[in-house]
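Breakdown of the fold
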Amino acid sequence: VGLLLLVLEAGLDADLPMMRTVGPRGVAIALCGTCLPVCIAAGLGRAVLGLDPLASLAAGCTLAPSSIGIALNVLRAADALNTPIGQLIIASAVLDDVIALLLLTLLQAL
């Protein structure tokens, strides 16, 4: 519930026309920001800790959500929220958290 509220708060602070401009880059950053931690943690869990594939994937999925709340506060404090870089950070963090929620939901279904 808390993660959903943070994503909602970020969406309220987002500038939609600027988000469309940074869209493809935001998607690429979000995919990398989700896939890399999941793959690295799952690989380490399997190779180093000897976990079974599902447990190592679960360990990887716990690292997928980003710290969107911290990013929002830092960007607001620096008056950088409505800049192109600020919107790129917010767009990628929102997408990263949505992907992470989907991964965790799929993992729970397994």
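Use the structure listed above.
We now turn to the structure provided with this report. (Residues numbered from 1 in each chain as written. Predicted model: local features only at pLDDT ≥ 70, side-chain atom pairs only at ≥ 80, totals over all residues. Heavy atoms only, no water.)

Among the residues of helix 5 (residues 68-77), Ile-68, Gly-69, Ala-71, Leu-72 and Leu-75 are the ones counted as buried. For helix 5, the arc enclosing every buried residue in end-on projection is 160°, short of the 170-degree limit, so these residues lie on one face. Exposed and oriented more than 90 degrees from the buried face of helix 5 are Ile-70, Val-74 and Ala-77. (Buried < 20%, exposed > 50% of the residue type's maximum accessible area, 1.4 Å probe, protein only. Helix = DSSP H or I, 4+ residues; strand = E, 2+ residues; numbered from the N terminus. Arc of directions from axis to C-beta.)

So, about the side chain of Thr-34. Within the secondary structure, Thr-34 sits in helix 3 (residues 23-47). A residue is classified by how much of its surface remains accessible, and Thr-34, at 1% relative accessible area, is buried. If we ignore the near neighbours within four places in the chain, the residues touching Thr-34 are Ala-64, Asp-96, Ile-99 and Leu-103. (Contact = heavy atoms within 4.5 Å.)

Viewed as axis vectors pointing N to C, helix 3 and helix 4 (residues 53-61) meet at an angle of 140°, and their least axial separation amounts to 7 Å. Classified by the angle their axes make, helix 3 and helix 4 are oblique. Crossing handedness for the pair helix 3 and helix 4: right-handed. Residues Pro-37, Val-38, Ala-41, Ala-42, Gly-45 and Arg-46 of helix 3 touch helix 4, and the partners they reach there are Pro-53, Ser-56, Leu-57, Ala-59, Gly-60 and Cys-61. Here the contact of helix 3 with helix 4 is built from residues that sort into eight nonpolar, three polar and one charged. (Axes fitted to C-alpha atoms, helices over the stretch in contact; angles between N-to-C directions. Parallel < 35°, antiparallel > 145°, perpendicular 65-115°, else oblique. Left-handed = near helix turned anticlockwise from the far one by under 90°. Nonpolar A, V, L, I, M, F, W, Y, C, P; charged D, E, K, R; others polar.)

In this section: the packing of helix 4 against helix 6 (residues 84-109). Taken N-terminus to C-terminus, the directions of helix 4 and helix 6 make an angle of 155°; their axes are 10 Å apart at the nearest point. In terms of axis orientation, helix 4 runs roughly antiparallel to helix 6. Crossing hand, helix 4 versus helix 6: left-handed. Together, Leu-54, Leu-57, Ala-58 and Cys-61 of helix 4 and Leu-103, Leu-104 and Leu-107 of helix 6 make up the contact between the two elements. The residue inventory of the contact of helix 4 with helix 6, partitioned by class, reads seven nonpolar, no polar and no charged.

It is worth stressing that arrangement in space is one thing and function is another; only the former is reported here.
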